[in-house]
Amino acid sequence: MASGDQKIIVSRKLESCTKTVEASDMFEVGGYMVRLVDTPGFNDDELTDAQVLSMIADWMKKTFDENQKLHGIMYLQRINDIRLDSGAVRCLQLFRDICGPRFLQNTILLTTMWDKGKDASLVLENEDTEMELKDVHWKGLIESGAVYQRSFNEKEACNKIIDLIVQKQPKMAKLQEEVGMNGLGVGDTDAGKNLLRVVSEQIAKLTETFQEKFKLLEESHAKETAALEKQKEDLEKQKEDLKEKLRKYKSDRKMLISTQRAVPEDGAKDTSAARERWWALLKNFRFRGLRKSHNK
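Keep in mind that what you see is a predicted model, and the values were worked out from it rather than measured.

Engineer: Kindly report on unusual backbone geometry, identifying the contributing residues and their values.
Structural biologist: Of note in this structure, Asn-43 is not a glycine but carries a positive phi near 60°. Considering the arrangement of structural elements, one finds Asn-43 in the loop between β4 (37–38) and α1 (49–65). The exposure class of Asn-43 is partly exposed, given its relative accessible area of 37%. In the Ramachandran plot, Met-113 falls in the positive-phi region, its phi being about 70° despite a non-glycine side chain. Within the secondary structure, Met-113 sits in the loop between β6 (107–112) and α3 (120–137).

Structure follows, in structure tokens:
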């Protein structure tokens, strides 16, 4: 960091580490006393864009009350971002709205993280990204007076960028005029209105997506319920079929058992002894019958 101020933490990672507006102590660059102000970035993982915009607006209101103008604003973009997503495009629009057309001549567009890609193939990729930024996404800003620079993690290089800014005539950024001179709330500023429009569009989009997901969930639940009812019916039918089969099997068993001969309790006996008892009974019956006939 050019100021050497430990209060301002410069993130070497992809995520922002600044969560509040932080101003450095005064330091000298090229004979000028300079103070750098670091703000949270838009599209942050923890802070919403509205929260960040509100912090910046509060700080700009304070600077207006103190009759301070800005020499410039720097916009930082990681060069190793593969593509500009919708969040990055929204950040760029917020930057435009904060600065306003007249202040764009006091802005510096910086690409960072160049020291993270020293491999030849990565350098080529980064240079392709740089060309896309300059020729497409930042073309209008550059044509309106914004200056493009690469940013390296070297104090001398940082001082050169700061020197570009301090040479500019200090002005009030559009957001500073709106919240300070015009006394507007952040929601009534151009940045706030555009952000509100974007947020409203996102709410509508997410609501539609939620409704679609909920509808699919309900349909899935209905199908599952119907499938469960069908499964229940099938199980009930299988149950009745099994009961009927069981009833038939029991009936058959009962019929078969009823047709079996009685088995003596002491198990199987000699059949010859049984036959002798039957013959003895039969003879006795015949003998008694003959005696009665003879008496007659």
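Engineer: Could you give me a rundown of the sheet that holds strand β7 (residues 147–150), with the residues and numbers involved?
Structural biologist: On the basis of which strands lie adjacent, the open sheet formed by three strands has the order β5-β6-β7 and parallel pairing. Each end of this open sheet is capped by a strand with a single partner; those strands are β5 (73–78) and β7. Each strand of the sheet is rotated relative to its neighbour by a mean of 25°, with strand direction disregarded. Across the sheet, α3 lies against β5, β6 and β7, angled at about 170° from β7, the strand it touches most.

Engineer: Give me helix α5 (residues 155–166): which residues, what numbers.
Structural biologist: When the terminal C-alpha atoms of α5 are compared, their 16 Å separation across 12 residues agrees well with the 16 Å that a helix rising 1.5 Å per residue should span. Among the residues making up α5, those that are buried are Ala-157, Cys-158, Ile-161, Ile-162, Ile-165 and Val-166. Looking at the buried positions of α5, the neighbouring elements they touch are β2 (27–29), β3 (32–34), β5, β6 and β7.

Engineer: Lay out the packing of aromatic side chains with the relevant residues and their values.
Structural biologist: Taken as a whole and judged by the stated rule, the model has four aromatic pairs. On the numbers, 4.9 Å between centres and 55° between planes, the contact of Tyr-75 with Phe-95 is tilted. In this pair, Tyr-75 sits in strand β5 while Phe-95 sits in helix α2 (residues 86–99), placing the two residues 20 residues apart along the sequence. Accessibility expressed as a relative area gives 10% for Tyr-75, which makes it buried. Aromatic pair Trp-138 and Tyr-148: ring centres 5.9 Å apart, planes at 50°, arrangement tilted. With Trp-138 in the loop between α3 and α4 (139–143) and Tyr-148 in strand β7, the pair connects residues that are 10 residues apart, well separated along the chain. Relative accessible area serves as the criterion here: at 1%, Trp-138 is assigned to the buried category.

Engineer: Could you give an account of the pairing of β6, with specific residues and numbers?
Structural biologist: Within β6, six of the six residues are buried, leaving the element largely enclosed by the surrounding structure. A two-sided burial pattern is seen for β6, the buried positions comprising Thr-107, Leu-109 and Thr-111 on one face and Ile-108, Leu-110 and Thr-112 on the other. Bridging between β5 and β6 involves six bridges; their strand directions are parallel. Residue Tyr-75 lies in a different strand from β6, and its bridge partner there is Leu-109. Here β6 pairs with β7 via four bridges, running parallel. Bridging from a neighbouring strand, Ile-108 pairs with Val-147 of β7.

Engineer: Please set out the packing of α1 against α2 residue by residue, giving values where relevant.
Structural biologist: Two elements in contact, α1 and α2, have axes separated by 12 Å at closest approach and are oriented at 20°. The orientation of α1 with respect to α2, classified from their angle, is roughly parallel. Here α1 and α2 pass one another in a crossing that is right-handed. In this structure, α1 contributes Asp-49, Leu-53, Ile-56 and Met-60 to the contact, and α2 contributes Arg-90, Leu-94 and Ile-98.

About the criteria used
Residues numbered from 1 in each chain as written. Predicted model: local features only at pLDDT ≥ 70, side-chain atom pairs only at ≥ 80, totals over all residues. Heavy atoms only, no water. Helix = DSSP H or I, 4+ residues; strand = E, 2+ residues; numbered from the N terminus. Buried < 20%, exposed > 50% of the residue type's maximum accessible area, 1.4 Å probe, protein only. Pairing = 2+ DSSP bridges. Axes fitted to C-alpha atoms, helices over the stretch in contact; angles between N-to-C directions. Contact = heavy atoms within 4.5 Å. Expected span 1.5 Å × (residues − 1). Phe/Tyr/Trp six-rings, centres within 6.5 Å; stacked < 30°, edge-to-face > 60°. Parallel < 35°, antiparallel > 145°, perpendicular 65-115°, else oblique. Left-handed = near helix turned anticlockwise from the far one by under 90°.

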